[in-house]
Amino acid sequence: MAGMILTHLTFVGKDVEPATVDFSPGLTVIYGASDTGKSFIVDAVDFAMGSSHLRSIRESKPYSFVLLGLKGDDENLTLVRSLSGGSIRVYDALLKEVPEHPPIVELKAKHTKGQRNTVSAFILNRIGLHGKVLRKNAQNQVVELTLRRLAPLFVVHEGQMVALTPPYHTASRTDVTTELSLLRVMLEGEDDSGLKAATPDDVRKVSKGKYEVLQQVLSGLYRSVQESAPVAELHRQSEALSRTIAELTPTIEEVLARRDSLIRTQNELADDQRSLEHRIGQMKEVTARFGLLRQQYESDLARLEAIQEAGSVLGFFQSDVCIFCGASTEHQVPPGHAVAEAEKFAEAIAAEQQKTMDLLTDLQLTLDDLASQVDITQAAATEAAQRTETARAAVVALEGEIGPRQQQLAAAYAKQSQVNHMLATYEQIEEIERLASTFAALGEPEDIAAAKKWPSPASLQALAEIIRQLLDNWGVETNGTVTFDIEQDDLLVDSRPRHTRGKGMRSVIHAGFTLALSEYCQQRGLPHPGFTVLDSPLVTYRQPEAAGTENKNENEEEYVSSDVAAAFYRYLDSEAAAQTIVIENTTPPAQLSKAALVHRFTKQKGLGRYGFFPPIS
């Protein structure tokens, strides 16, 4: 499967010339004096692809961004990241300066499970490894493959190159299971997505305790439904009760509506009755007052009649004698006497009598009319009282009718509540039984087939054979034996574990493993990043003063012939399956092909290239 290659690494900053190093599609060698930024290039490549931190050196302080060029199938990309960290911008061109236009995508540096907007998902997707999962522990828990987990297999730092841990492990021994799972993915293309996770011991103990608690709860619930009808019968009862309630409710509502209407009618009639009785009282009060007035009129008539009778008896009304002074007619001379004074007095009495009689007649008519109105109003009030009583009796009758129905409805509701409570209890029992079953299964020891930890013996043997061929090709002594020792969890060369060898041998064996893995994947069409970066794979020492020195202390450094370096570079220059970038202190062979790209850092001003960064003024 096709991978990617690196084209360049560039640092840019304000008011400073870019610092850049180009990479060949095949072999690139960066060598020279110490402290010239060679290993910093490895760190920067890793940082541009998402590592959390880039160590700060004095020469890098004027710079702000790192740009890493990547070339894949039909695409050119540049990853741009601030030296202070943060997200990674991706541009669809090979760039050596930060453009002003926006990137095609901005990626998070940290991997997030299930998300694709991370640099890890972005690169893994392009090399065919996105979505792979790795076994995490003995309980078969899994984690997603990330670029950070994969990086040590193709970007090998100097400390990692000489570490005592095997090439397929990091210094963290807690990740041994995951790293072996990754090795199996690389060699066989099979991840651990199909694993059934085992239950951890602490979870099993807690689950067992929860199961016991749930059993106690179930025991109480079983007792509460011991005398209950079966669930099917309870459902039948619930449906029947629902029908009864549905039938009673509208009937009761109708009767209540009729009762309310009758109560309103009763209240209206009572109001009318009270109004009529009030009116009767007012009319009787007026009649009583008019009765007093009639008495007054009758008294006035009696008085006038008495005056008239007395005047007739005493002759007050004779025309010839003055009724006031007794003077005869001839002596009745004005102004002392009026003309016909006696006649006028009699006429005045008669007029007053007539007036009073007329008033009395009118008053009597009014009293008769009031009496008639009182009778009519009294009849209306009596009728209103009868109608009110009829309405009250109807209300009482309806309440007598509605009472039993309300009791029946209340009983139906109460029974339905009991039935529903029992049904809810049965549902609770079912749910708790399900949970108890789950916890019971979690609490029991599991018979889970042992997951594959290592790649198959055939895959390991095939990779070991490629490592042996490389080491033999380079002139490293193997005695024809390179194997993976599962018991010791190490790579054995010449039947000797790598961790027992000196730094020189550990480095060259690590380089052999890394390059063999790339060749293995290329031969079988398996995913691989497509490039490797090796920091100090060769630690070359002078030849021993006395060849074949015996009784050498196992803790002393082993000597690696300079011929190994020459053969190593010849292989990388002409046979390596992937792009290789080598960081070394020593000078590579002069006879490398023109396709190889060699960068020499002199740490001398005016003599070739000073270092990755220009010298500080």
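Attention in this report is confined to the structure presented alongside it. (Residues numbered from 1 in each chain as written. Predicted model: local features only at pLDDT ≥ 70, side-chain atom pairs only at ≥ 80, totals over all residues. Heavy atoms only, no water.)

This part takes up the environment of Ile 41. Secondary-structure assignment places Ile 41 in helix 1 (residues 38-48). In sequence terms Ile 41 and Val 533 are 492 residues apart; their C-alpha atoms lie 9.8 Å from each other. (Helix = DSSP H or I, 4+ residues; strand = E, 2+ residues; numbered from the N terminus.)

This next bit is on the packing of helix 10 (residues 503-524) against helix 11 (residues 562-574). If you want to describe how two helices pack, look at the angle between their axes and the distance between the axes. At a closest axis distance of 13 Å, the pairing of helix 10 and helix 11 adopts a crossing angle of 15 degrees. Relative to helix 11, the element helix 10 lies roughly parallel. For the element pair helix 10 and helix 11, the recorded crossing hand is left-handed. In this structure, helix 10 contributes Val 508, Ala 511, Leu 515 and Glu 519 to the contact, and helix 11 contributes Val 564, Phe 568, Tyr 571 and Leu 572. The class makeup of the residues in the contact of helix 10 with helix 11 is 7 nonpolar, no polar and 1 charged. (Axes fitted to C-alpha atoms, helices over the stretch in contact; angles between N-to-C directions. Parallel < 35°, antiparallel > 145°, perpendicular 65-115°, else oblique. Left-handed = near helix turned anticlockwise from the far one by under 90°. Contact = heavy atoms within 4.5 Å. Nonpolar A, V, L, I, M, F, W, Y, C, P; charged D, E, K, R; others polar.)

So, on to the layout of surface pockets. When its volume is computed, the second largest pocket comes out at roughly 270 Å³. In terms of lining, the second largest pocket is formed by 19 residues, of which the most central are Asp 35, Thr 36, Gly 37, Lys 38 and Ser 39. The element contributing the most residues to the lining of the second largest pocket is helix 1, with 3 residues. Residue composition of the lining of the second largest pocket, by class: 6 nonpolar, 7 polar and 6 charged. (1 Å grid on protein atoms, 1.4 Å probe; cavity = no way out; pocket = protein on both sides within 12 Å on 5 of 7 lines; lining within 4 Å. Points joined across faces, edges and corners; volume = space filled by probe spheres on them.)

Quick look at the sheet that holds strand 15 (residues 579-584) now. Within the open sheet, the 5 strands sit side by side as 10-14-15-3-16. Their pairing is parallel. Each end of this open sheet is capped by a strand with a single partner; those strands are strand 10 (155-156) and strand 16 (597-601). As defined by bridge partners, strand 14 (residues 531-535) adjoins strand 15 across 5 bridges and the pair is classed as parallel. Bridge assignment links Leu 534 to a residue of strand 15, and that residue is Val 582. (Pairing = 2+ DSSP bridges.)

Judged by nonpolar contacts, the single largest core of 102 residues is most densely connected at Leu 9, Phe 11, Met 49, Leu 150, Trp 474, Phe 484 and Phe 568. Sort the elements by how many residues they give to this core and helix 10 lands first, with 10 residues. In this structure, Leu 9 is in contact with Ala 19, Thr 20, Val 21, Phe 23, Ile 41, Ala 44, Val 45, Val 66, Leu 67, Leu 68 and Phe 612, ignoring residues within four places of it in sequence. Membership of the second largest hydrophobic core comes to 21 residues, among which are Leu 214, Ile 245, Leu 398 and Ile 432. (Core = buried A, V, L, I, M, F, W, Y, C linked by side-chain atoms within 4.5 Å. Buried < 20%, exposed > 50% of the residue type's maximum accessible area, 1.4 Å probe, protein only.)

The end-to-end C-alpha separation of helix 6 (residues 201-224) is 35 Å, in line with the 34 Å expected for 24 residues at 1.5 Å each. Residues of helix 6 that are buried: Arg 204, Ser 207, Leu 214, Leu 218 and Leu 221. (Expected span 1.5 Å × (residues − 1).)

For the coordinates displayed, the defined rule picks out 3 cavities of 30 Å³ or more. Taken as a whole, the largest cavity encloses approximately 50 Å³ of empty space. Here the residues of the lining of the largest cavity are counted per class, giving 9 nonpolar, no polar and no charged.

Nothing here speaks to function; it is geometry throughout.
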